[in-house]
Amino acid sequence: MAKVLMKGNEAIGEAAIRAGCLNYFAYPITPQSEVAEYLARRMPEVNGVFLQGESEVAVGYMLFGAAGAGERVFTTSSSPGVSLMSEAISYIAGAQCPAVFVNIIRGGPGLGGILPSQGDYFQSVKGGGHGDYRMLVMAPASVQEAVEMVMTAFPLAEKYRNPVMILGDGLIGQMMEPVEFPEHLRSEPSKKDDWATNGMDTRKSATRNLVKSLYLDPEALNNHNLLLKSKYDRMKQEEVRYESYNAEGEYQALIVSYGTMSRVCRTAIDHLKEEGIEVGMIRPQTVFPFPEKAIHEAASKENCRVVLSIEMSMGQMVEDVERAVMGKRPVKWYGKCGGEVPTPEEIIEVVKEHL
Amino acid sequence: MQSEVMFAGFGGQGILMCGKLLAHTAMQVGYEVAWIPSYGPEMRGGTAYCTVVISDRPIGSPIIKNPAHLVAMNRPSLEKFAPVVKPGGVILVNESLIPVRSGREDVDEILVPATGIAKELGSVKAANIVALSAFVARSGIVDFEAMREAVREEFSGKEKFLPLNMAAIDAGRKSALEQPETETA
Amino acid sequence: MGKTFQKPEALTDVHTHYCPGCTHGVIHRLVGEVIDELGIRGRTVGIAPVGCAVLAYNYFSCDFQEAAHGRAPAMATGIKRVRPDLMVFTYQGDGDLASIGMGEIIHAANRGEKFTAIFVNNAVYGMTGGQMAPTTMPGQRTTTSPLGRNTEETGMPIRVAELLSSLATEGYITRQTVIKPKFINRTKKALKKAFTYQMEGRCFSLVEVVSTCPTNWGMTPLDAIKWTEETLLPYFPLGDFKTPEEAEAVSANA
């Protein structure tokens, strides 16, 4: 298929359809409302479901209901909306249902602003809702990558029976880039007869299915949490994704950066190279599970003197970077938020300061 | 090689679409492209701008503080962005609405009465196409005929606007090419 | 001689955890009978609330999902939209539906979601131990209104059936009770009507059931029935507040 020029938000909507997800519930919020606008038009064309819920709280549970009934379903929102959905995300994780959430992050806290940010790192990676749960979180750095991540999110959500989040930022949503929708990423929804409330007649079974997260017996709840933990541990084994940039040879500094921010860093690294300063980069594509091993190894390279976590947030990912580096090298943070995206020139300055 | 073009003007002047058409053209002729809008409250009647990045390799930073070129459709845009354009670039000034100049001597500044030309052709709405055409003709940033194709494609399905916009393309090029190139310092 | 009285197939064969004198058991049974009579168990999904009926999924032998507090109507919406062929009912108490979940029920009703809400109104929070509910009566003592509900501070009890029936969208909204056999029969009829409307893909339906909570009211079951009759029913009148037929009649007149 030929490439088309699409806005990130619209491409995300189309990607879900191409992946085989025809159910979408959402509530408008800047800077991702174009997804809803796009799908309000597009879903009826493919006999899909589009519904604008009355709040992000309700939308979260519409996803829970639909996912519990065994259907592929997704939503898109932005930071304050994701806070409201976090209650449902906790329930969905607890009840082990697959669902896909897209967060086009804007600046916070509170109402914050509407410009790009990465301030929801903790919320998505450490759990915005209550209880011991994790989401598989993928962070795209281009519109094309957003498309691919959305398309892979559905089978991953089903593999783990767990919510998967695509962590974008305002720029990923608003930018237009050429995209194609890889046909091979289309997937058939998995069979869910073992657990979904799809109706006993549907699955020709005499036993009912329950979708729930309530375990009043402490031993049962502990066992349930151990089961969930085993899934998160498996994600750590099987789903870590990252990309290295300029990291094959020796370098004096290592940058860890994701999403839009990593593109700015890439430009900075190119400029530094021209000046004779080698800087490597690890770009986590999954922020949970976090590419700890790759970062540890990259930081351990002989000439690497410092590791920089560069974020559009006030030092969130840096905690995971520190955990990964395990004291092997000094770890520094640099970042801005609220829509102020550090420029390549700033990154160059920061790198030089630390050398 | 990477080049960046900033389109700026009032909301409603078709600024974002102008950028989209350039990005689309560049993509069609094989470049890597990114179209980066300003979004938010400034969309409502204030200054709207977008930046188109065209490159022969994957595009890094989408944050462009110093674009190579500027197409300024109103005065606040020219005043705000002219100072940040890289030396040697093109600054297109919509002469119909902007009574001042960029004050830059190190750029190729062209004056195109885009709004006036569009009005004569039948609708001020085509001013963005006049400006786009003039800019592409002057900068040679992408193949001119490919740009014409992109505009034609954009208006397919809106056939009644097609003649106006095709005329806007010819008029824009004429306006840009009849001006002598500025001596850049 | 065969059995003349037996448990509906739609109910499981377990003892409920409900208190003596509580009416949840009766309502469960009525729902079970209706599901049996309509022959829909194999395509029914129930949604349990947070409240005394949180464990309702243990008592129904059909598919069940368990909601967060108040969110059952949003979940029902999700299921019904992606699987319109399934029969979906929510089973919610007054704290769940009329307090924390008021937004969800109003919007589900207003969108005309084709599911059935069973709303058990006993004027008190049961599971958490007898706190004030939005439907608690003026002067009624609860653990969070120890001197009796002060309407100056907390307003008047919310009449959910009336509130929802004021929406312009078509729907079946009724209020019933189960404190006497004749009322029980009427409630069953109302439930059957509600499920039938859903089967026909006709409209949203809500059956409010005025119920007793002897435990948290601090009464014997008999006194609780008496109090319901004397105090609750005058404020929460019984009957159909809205039927889709009515809406048709109105639009025919227009």
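Description of the structure in this document. Note that the structure is predicted; figures quoted are calculated from it, not measured.

### Observations regarding the pattern of salt bridges
- The tally for this structure, following the rule as stated, stands at 52 salt bridges over all chains.
- For Glu-238 of chain A, the salt bridge goes to Arg-234 of chain A, with nearest N and O atoms at 3.1 Å. Here Glu-238 of chain A pairs with Arg-234 of chain A, and both are found in helix α8 (residues 218-238), just 4 residues apart, close to one helical turn.
- Between Arg-138 of chain B and Asp-108 of chain B there is a salt bridge, with the nearest N and O atoms lying 2.9 Å from each other. On the criterion of sequence distance, the pair formed by Arg-138 of chain B in helix α4 (residues 127-139) and Asp-108 of chain B in strand β6 (residues 108-112) is long-range, its members being 30 residues apart.
- Classification of Asp-108 of chain B as buried rests on a relative accessible area of 6%.
- Here the salt bridges do not stand alone but share partners, grouping Lys-159, Arg-234, Glu-238, Glu-239 and Arg-241 of chain A into one network.

### Comments concerning the pairing of strand β2 (residues 32-37) of chain B
Residue and element names in this part refer to chain B.
- Counting buried positions over the 6 residues of β2 gives 5, a clear majority of the element.
- Two elements, β2 and strand β3 (residues 47-55), share 6 bridges in a ladder whose sense is antiparallel. Note that in β3 the partner of Glu-32 across the bridge is Ser-55.

### Focus: unusual backbone geometry
All names here are of chain A.
- Residue Thr-30 is joined to Pro-31 through a cis peptide bond whose omega torsion reads 5°.
- By secondary structure assignment, the location of Pro-31 is in the loop between β2 (23-26) and α2 (33-45).
- Cis geometry is found at the peptide bond from Phe-288 to Pro-289, where omega equals 0°.
- Residue placement: Pro-289 occurs in the loop between β13 (286-288) and α10 (292-299).
- Even without being glycine, Asn-47 reaches a positive phi, approximately 55°.
- The topology assignment puts Asn-47 in the loop between α2 and β3 (49-52).
- What makes Asn-47 exposed here is its relative accessible area of 72%.

Definitions and cut-offs
- Residues numbered from 1 in each chain as written.
- Chains lettered and ligands numbered in written order.
- Predicted model: local features only at pLDDT ≥ 70, side-chain atom pairs only at ≥ 80, totals over all residues.
- Heavy atoms only, no water.
- Salt bridge = Lys/Arg side-chain N within 4 Å of Asp/Glu carboxyl O.
- Helix = DSSP H or I, 4+ residues; strand = E, 2+ residues; numbered from the N terminus.
- Buried < 20%, exposed > 50% of the residue type's maximum accessible area, 1.4 Å probe, protein only.
- Pairing = 2+ DSSP bridges.

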